[in-house]
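Working through the structure, step by step
In case you want the letters, here they are:
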Amino acid sequence: MSGTTGGRPKEQAYESSRLRVNSSLIIGGALVSIILAIALVSFLWTPYDPSDTGEGIRLGAPSTAHWTGTDKLGRDLFTQLMIGARLAFVVAIGSTAVAGIIGITLGLLAASAKTRIVDESFTYFFDVLIAFPTILMAMLVVTIRGASISSAILAIGISGSAIVSRLCRISATRILGTDYVKAAIACGTSRPAIVFRHVLPNIYPLLLVQLTLVAAGAILAEASLAYLGLGAPPPQASWGRMLLEAQGSVMRAPWGAIVPGLTIVTIVMGFNFLGDGIRELLDPEMRKDE
Amino acid sequence: MRRYMIRRMALLTLSALLASSAVFFLLRTLPGDAALSMAGLEATPEQIQATRQQLGTDKPLWIQYFRWIGGMFHGDFGISYLSKLPVAAEIGRRLAVTLPLSLSAFCLATLISFPLGIIAAVRRKRPVGIGVSAVSSMGVAVPVFWVGIILIWLFALAVPIFPAGGFPLDGWADPWAAVRSLVLPVVTIAIVMSSTLIRYIRSAILDILGQDYLRTARSLGYSARAARWRHGVRNAAVPLVAIMSFELSTSLLGAVVIENVFAIPGLGAMLLSGVINRDLPVVQDIVFLITFFVLFIGFLADIVQRIIDPRLRGGSIDQRVVPDAMSEEEPSMGLRAESGRSKS
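Please read these numbers as outputs of a predicted model, since none were measured by experiment.

Conventions adopted
Residues numbered from 1 in each chain as written. Chains lettered and ligands numbered in written order. Predicted model: local features only at pLDDT ≥ 70, side-chain atom pairs only at ≥ 80, totals over all residues. Heavy atoms only, no water. Helix = DSSP H or I, 4+ residues; strand = E, 2+ residues; numbered from the N terminus. Buried < 20%, exposed > 50% of the residue type's maximum accessible area, 1.4 Å probe, protein only. Contact = heavy atoms within 4.5 Å. Patch = residues over 30% accessible without salt bridge, like charges linked within 9 Å, V, L, I, M, F, W, Y side chains within 5 Å. Areas by Shrake-Rupley, 256 points an atom, 1.4 Å probe, with all protein chains shown as cover. Salt bridge = Lys/Arg side-chain N within 4 Å of Asp/Glu carboxyl O. Buried area = accessible area lost by both parts, 1.4 Å probe. Polar contact = N/O pair within 3.5 Å; in protein donor to acceptor, adjacent residues only side chain to side chain. Nonpolar A, V, L, I, M, F, W, Y, C, P; charged D, E, K, R; others polar. Domains from an automatic or database assignment. 1 Å grid on protein atoms, 1.4 Å probe; cavity = no way out; pocket = protein on both sides within 12 Å on 5 of 7 lines; lining within 4 Å. Points joined across faces, edges and corners; volume = space filled by probe spheres on them. Phe/Tyr/Trp six-rings, centres within 6.5 Å; stacked < 30°, edge-to-face > 60°. Core = buried A, V, L, I, M, F, W, Y, C linked by side-chain atoms within 4.5 Å. Axes fitted to C-alpha atoms, helices over the stretch in contact; angles between N-to-C directions. Parallel < 35°, antiparallel > 145°, perpendicular 65-115°, else oblique.

1. Observations regarding the overall build of chain B
Broken down by element type, chain B carries 12 helices and 0 strands. Taken from the N to the C terminus, the helices and strands of chain B come in the order α-α-α-α-α-α-α-α-α-α-α-α. By the burial criterion, 51% of the 344 residues in chain B qualify as buried. The contacts of chain B with a sequence gap of at least 6 include a subset with a gap of at least 24, amounting to 72%.

2. Thoughts on the overall build of chain A
Each helix and strand in chain A was counted, giving 11 helices and 0 strands. Counting helices and strands in the order they occur from the N terminus, chain A gives α-α-α-α-α-α-α-α-α-α-α. Across the 290 residues that make up chain A, the buried fraction comes to 56%. Taking as baseline every contact in chain A between residues at least 6 positions apart, the subset at least 24 positions apart corresponds to 71%.

3. Side note on a nonpolar patch on the surface
On the surface, a cluster of nonpolar side chains totalling about 780 Å² of accessible area is made up of L36, L40, V41, F43, L44, W45 and W67 of chain A. Note that V41 of chain A resides in helix 2 (residues 23–44).

4. Quick notes on the interface of chain B and chain A
Taken together, the contact between chain B and chain A spans 55 residues of the former and 53 residues of the latter. Buried area between chain B and chain A, summed over both chains or domains, comes out near 5,000 Å², and the portion from carbon and sulfur atoms is 72%. Seen at the junction of chain B and chain A, the total is 0 salt bridges. Counting the contacts that link chain B with chain A gives 4 residue pairs in polar contact (both at pLDDT 80 or more). For the side of chain B that touches chain A, the secondary-structure elements that each account for two or more residues are helix 1 (2–27), helix 7 (144–158), helix 10 (224–261), helix 11 (267–276) and helix 12 (280–308) of chain B. Taken together, the residues that form the side of chain B that touches chain A break down as 38 nonpolar, 7 polar and 10 charged.

5. Section: the domain arrangement of chain B
Residues and elements named next belong to chain B. The domain architecture assigned to chain B consists of domain 1 (2–73) and domain 2 (90–314). Domain 1 and domain 2 are separated by 33 Å when their C-alpha centres are compared. Of the roughly 1,600 Å² buried where domain 1 meets domain 2, counting both sides, 78% is carbon and sulfur surface. Taken as a group, Y4, R8 and L12 account for 34% of the area that domain 1 buries against domain 2, more than any other trio of residues on that side. If you look at where domain 1 meets domain 2, you find 1 salt bridge. In this structure, the salt-bridge partner of D302 is R8, at a minimum N-O distance of 2.7 Å. The interface formed by domain 1 and domain 2 contains 4 residue pairs in polar contact (both at pLDDT 80 or more). The element that contributes the greatest number of residues to the side of domain 1 that touches domain 2 is helix 1, accounting for 12 residues. Counted by class, the side of domain 1 that touches domain 2 contains 12 nonpolar, 2 polar and 2 charged residues.

6. Side note on empty space enclosed by the protein
Residue and element names in this part refer to chain A. Considering all chains together, one arrives at 5 cavities of 30 Å³ or more under this definition. As a volume, the largest cavity reaches approximately 100 Å³. Elements that contribute at least two residues to the lining of the largest cavity include exactly helix 3 (77–111), helix 9 (239–247) and helix 10 (255–282). Of the residues forming the lining of the largest cavity, the biggest block, 3 residues, is contributed by helix 9. For the lining of the largest cavity, a count of residues per class yields 6 nonpolar, 4 polar and 3 charged.

7. A look at the packing of aromatic side chains
Residues and elements named next belong to chain B. A full pass over the atoms with the stated rule returns 14 aromatic pairs over all chains. Look at F292 and F296: their rings are 6.1 Å apart centre to centre, the planes differ by 20°, and that puts the pair in the stacked class. You can see F292 and its partner F296 sitting in helix 12, 4 residues apart, about one turn around the helix. Judged by its relative accessible area of 32%, F296 is partly exposed. Pairwise contacts between aromatic rings join F24, F25, Y65, F66, W68, F288, F292, F296 and F299 into one cluster.

8. Description of the nonpolar core
Note on soluble globular proteins: their nonpolar side chains tend to be buried together. If you look at the biggest cluster of nonpolar residues, it comprises 161 residues, and the most contacted ones within it are M139, W239 and F271 of chain A together with L271 of chain B. Ranked by the residues each element gives to this core, the list is headed by helix 8 (residues 191–227) of chain A, at 18 residues. Setting aside residues no more than four positions away along its own chain, W239 of chain A makes contact with I35, L81, G84, A85, A88, I219, P260, T263, I264 and I267 of chain A.

9. Concerning the packing of helix 10 of chain B against helix 11 of chain B
Each pair of packed helices gets described by two things: the angle between the helix axes and the distance between those axes. Residue and element names in this part refer to chain B. Where helix 10 meets helix 11, the axes come as close as 7 Å, and the angle between the chain directions of the two elements is 80°. Taken together, the axis directions place helix 10 and helix 11 in an arrangement best described as roughly perpendicular. Residues V256, E259 and N260 of helix 10 pack against L267, G268, A269, L271 and L272 of helix 11. Residue composition of the contact of helix 10 with helix 11, grouped by class: 5 nonpolar, 2 polar and 1 charged.

Here you go:
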């Protein structure tokens, strides 16, 4: 429905709710901040050197010396977890940026295309891209470029861009059809100015929510790729490969599989909550309108 | 309706062509000559040329592309660079494992999700509804392969009921052994799929429950239950078709990841080894087949939706009714963001 051209009462509701921080936002923010803090601290300090096999306690249980135990070579798992967090954030931020830049650019171009054929072929292209699953995209990219962090970012980002661009096109088209945009065009405002002054400020809450979800998906995707051996190659520690290595010794050292798994669940849930929270915070009406 | 079907089929063909050419030409950007490595180190230039001719790589790219497409129509999927055997036969053997795996996962997930999704919607303010929603929202954040590892630990090692992985070498010759080795993978995929599915179903049902026509039916004397059956089910069916079609694709993609957790020799394992060995024909065939499957399921869903709801028939060609929660989702399993965050 219309929605974005709110009259007086709606604006007031918007103003008052903007200050109300909701619980999803707090939970999501807290979960993401904890893991982000761990990732940042790992640049300054880790309990051990990541390749340090220590006293050689293999598959050691969690203890005061090794908080989450050791792996089959005796390396400290918490150190790997911390460095893995770094990688998770690099991939999440990188692929979200790729998805955002490609998705928003193409979405805006499609929405402001002058001819219907351009718009429709863009739309159509996104639809095929959306049908193209992330994992297959990743496999294609890895076949061509080899397994690396940049391949993972590229594949996950391109996959994510399809959904971003579709959302961007749909919501931008709606804004472009409103009376105030028509008025702005009548006043002689240039196209870029309309996009930056009217369209983007109105659609960015939706895009922000979607990009948060892309970040959550990117972390899951990176873990899957690393688990399949298609992610960042060793010695780069990653949660997915920690799980792969732990699988063989899950009977003797279950903590090796449990801890990285729970970490992934925590951060992904964190991003999901954050998305929900942002959605509620920025525009309470959006839920009803969509 | 017939006009719609023709247009929709044209769209499917176009999508398939677009996807296949993207896959084909992207993979050709890889440097290197397959004939060189296949013919071996001591091959004479003539032998290398002969291998090229056999592979068809001596022809221009666009001819190779049309040969590949044309070949697929009569079951010629090319020859694997690695095994030097026809890819089609191998895909057939692998599908005999992957299809049962993903279809049973799909059925199990559906059986779990429908009752739970409906409970979560109808009892949304009671503890049971809130509980179901909370557990399913946690489920969408779980990596599918991790569930597999945990299930292996619990039900193959700690309590050895099922094998930890692998598949009988003689395939389905011993059906009982084959089924036993597929139980854990199927349950793994179904658990992860259900959490998404429950959220979609809940949101689709919630949309329906708030509709005016249910209230009207009540005012006409229908009981709440009768109103839901008479008017609710058919209206809910339209978005549910979209959900089910999406989940059918998801179950196949889930199988691709999960086969590698349980060392099951299916299509996913074949694709992964193709990627690692840069076996182009294998990668391009499987990637295209899975993409085509996804596109085809979407095509069927569009047709079925229009059979159920004639109002859609006049609409735009690729208009599909999806519940709110789905419109911003990314269809991919294992690699999925947050599928099924419902908005209610």
